[in-house]
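Now for the letters of each chain:
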Amino acid sequence: MDQPRTMFAHVLSVRGVAVVVTNHRVQPLPLRPLEGSGTGRIVCAACGEQFLVTVHSCARTTSRRVRYFVLGLIGLALAALLLWLTFDVGMQPDGPDTGADPDIASWYGYTGIAGVLLPVFGLGYLINARKYDGVGKLRRIGEDGTTSLRTAGHKLLPSK
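An account of the accompanying structure is given in this report. (Residues numbered from 1 in each chain as written. Predicted model: local features only at pLDDT ≥ 70, side-chain atom pairs only at ≥ 80, totals over all residues. Heavy atoms only, no water.)

1. Examining the nonpolar core
Going by this rule: Nine residue types can take part in a nonpolar core, namely buried Ala, Val, Leu, Ile, Met, Phe, Trp, Tyr and Cys, and a core is a set of them joined through side-chain atoms within 4.5 Å. When a residue's accessible area, from a 1.4 Å probe over protein chains only, is under 20% of the maximum for its type it is buried; when over 50% it is exposed; and in between it is partly exposed. The contact criterion used is simple: two residues touch if any of their non-hydrogen atoms lie within 4.5 Å.
The biggest cluster of nonpolar side chains holds 9 residues, and these are F8, L29, I42, C44, F51, V53, V55, V135 and L138. Aside from chain neighbours lying at most four places away, what touches L29 is Q3, P4, T6, F8, I42, V53, V135 and L156.

Given below as structure tokens:
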């Protein structure tokens, strides 16, 4: 895991309307540092532009993947709990309780909305935990030495 699976790509051509076919010229990213994070310089082999990319160490990458995985599991567990509270405990088979507090109806709405949104975020974290490679954003180095997030014609290709 010394080398990130993500590759730096120069977009050579894009064609198609309904199905887009993109041709790239790819090159590897800098090696991972032993600890912490390191910012590496990349010179595009196709056009000569310079870029910076942050690459995290194996330990930091693993810790972030574990963090995303745990957050995803917590989100899914909370969603299951809230949906159970909303639709199983809250909705009694003998009809609504007439002596109940009127604020309970809004509580059902809040838990129902959270119970629907939490699985989306939980699944997003689980997918991110699987795909996270420890590579930060790509930044172009301008002629005056400033960095920019606008990297037209260049991108990071994640591994599959």
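2. Quick notes on the pairing of strand β5 (residues 135-141)
We count it as follows: When DSSP finds two or more bridges between two strands, those strands count as paired. Each helix corresponds to a stretch of at least 4 residues labelled H or I by DSSP, and each strand to a stretch of at least 2 residues labelled E; elements are numbered beginning at the N terminus.
In this sheet, β5 lies alongside strand β4 (residues 50-56) in antiparallel orientation, the contact comprising 5 bridges. Paired with V53 across the strands is L138, a residue of β5. Looking at chain direction, β5 and strand β6 (residues 147-148) are connected through 2 bridges and run antiparallel. In the sheet register, R140 faces β6, and the bridge partner there is S148. Two successive antiparallel strands, β5 and β6, enclose a turn made up of 5 residues, where G145 displays a positive phi of approximately 95 degrees.

3. Topic: the sheet that holds strand β7 (residues 154-157)
Picture the strands of a sheet paired through backbone hydrogen bonds; they go either parallel or antiparallel. Definition in use: Orientation is described by lines fitted to C-alpha atoms, with helices fitted over the stretch in contact, and by angles between N-to-C directions that extend from 0 to 180 degrees.
Across the sheet, 3 strands lie side by side as β2-β1-β7; this open sheet has antiparallel pairing. Strands at the two margins of the open sheet, each flanked by one partner only, are β2 (21-28) and β7. Put simply, the sheet's adjacent strands are angled 40 degrees from each other on average, direction ignored.

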